[in-house]
Amino acid sequence: MTGATTQKLVIDGTASQDAGTYAVEITNGCGTAVSEGAFCPADFNTDASVDDFDYFDFMNAFTSSDPSADFNEDSSIDDFDYFDFLTSHAAGC
Ligand SMILES: [Ca+2]
Ligand SMILES: [Ca+2]
């Protein structure tokens, strides 16, 4: 893989079917470390882009009290989830 041994790895040519949570495993002479999974919370519908559809899908989840609307993962769905989602959505990924 190109860039696998540099400080920065860029993966080009991704498509929506590549969406998911990725972790990085780094190995050197001292051992191996594995990162936490990286994901983009603003990409609510996990289609690899942040757009209005994420907002609409979040609002559908929020208004129907779907567990996925617990954006801040505090076990309740409330205005804080809405505000946190808006902040994340505005920031993008
Ligand atoms: Ca999306
Ligand atoms: Ca919550």
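As the structure is a computational prediction, the values presented were derived from the model and not from experiment.

Parameters and conventions
- Position numbers for residues count from 1 along each chain, tracking the sequence in the order it is written.
- Chain A is the first chain written and ligand 1 is the first ligand written, with later ones labelled in order.
- Two thresholds apply to this predicted model, a pLDDT of at least 70 for residue-level local features and 80 or more for giving and counting side-chain atom pairs, whereas whole-chain, interface and lining totals are computed over all residues.
- For the purposes of this analysis, a nonpolar core is taken to be any set of buried Ala, Val, Leu, Ile, Met, Phe, Trp, Tyr and Cys residues that are connected through C-beta atoms within 7 Å.
- Exposure criterion: with C-beta atoms placed from backbone coordinates, a residue whose C-beta has 20 or more other C-beta atoms within 10 Å is buried, one with 12 or fewer is exposed, and one in between is partly exposed.
- Contacts are defined on C-beta atoms placed from the backbone: any two residues whose C-beta positions lie within 7 Å are in contact.
- Note on conventions: DSSP H or I runs of at least 4 residues are helices, E runs of at least 2 residues are strands, and numbering of each starts at the N terminus.
- The length a helix should cover is 1.5 Å for every residue beyond the first.
- As used here, the arc is the angular range of directions from the helix axis to the C-beta atoms.

Asks: Lay out the nonpolar core with the relevant residues and their values.
Replies: Counting 9 residues, the largest nonpolar core consists of A42, F44, V50, F58, A61, A69, F71, I77 and F85. Those residues in contact with F85 that lie beyond four places of it in its chain are F58 and F71.

Asks: An account of helix α2 (residues 79-91) is needed here, citing residue identities and associated values.
Replies: Taking 1.5 Å of rise per residue, the 13 residues of α2 would be expected to cover 18 Å, and the 18 Å separating its terminal C-alpha atoms lies within 8% of that figure. Taken residue by residue, α2 has D81, F85, S88 and H89 as its buried positions. Buried residues in α2, looked at end-on, bunch into an arc of 100°, giving them a common side. Exposed side chains of α2 directed beyond 90 degrees from the buried face belong to D79, F83, T87, A90 and A91. Against the buried residues of α2 lie α1 (52-63). Backbone geometry just downstream of α2 places G92 in the positive-phi region, at approximately 70°.

Asks: Could you give an account of the environment of A91, with specific residues and numbers?
Replies: Within the element layout of this structure, A91 appears in helix α2. Along the primary structure A91 and A42 are separated by 49 residues, whereas in three dimensions their C-alpha atoms are 8.0 Å apart.

Asks: Could you give me a rundown of the environment of G20, with the residues and numbers involved?
Replies: Relative to the helices and strands, G20 is located in the segment before β1 (25-28). Spatially, the C-alpha atom of G20 lies 7.0 Å from that of T46, the residues being 26 residues apart in sequence.

Asks: Lay out unusual backbone geometry in plain terms, naming residues and giving numbers.
Replies: Within the chain, T46 stands out as a residue other than glycine whose phi angle is a positive 45°. With respect to the helices and strands, the residue T46 is situated in the loop between β2 (31-34) and α1. Looking at T46, the number of C-beta atoms within 10 Å reads 14, which means it is partly exposed. If you check the backbone angles, S65 has positive phi at about 55° while not being a glycine. Locating S65 in the fold gives a position in the loop between α1 and α2. Classification of S65 by C-beta neighbours within 10 Å gives exposed; the count is 9.

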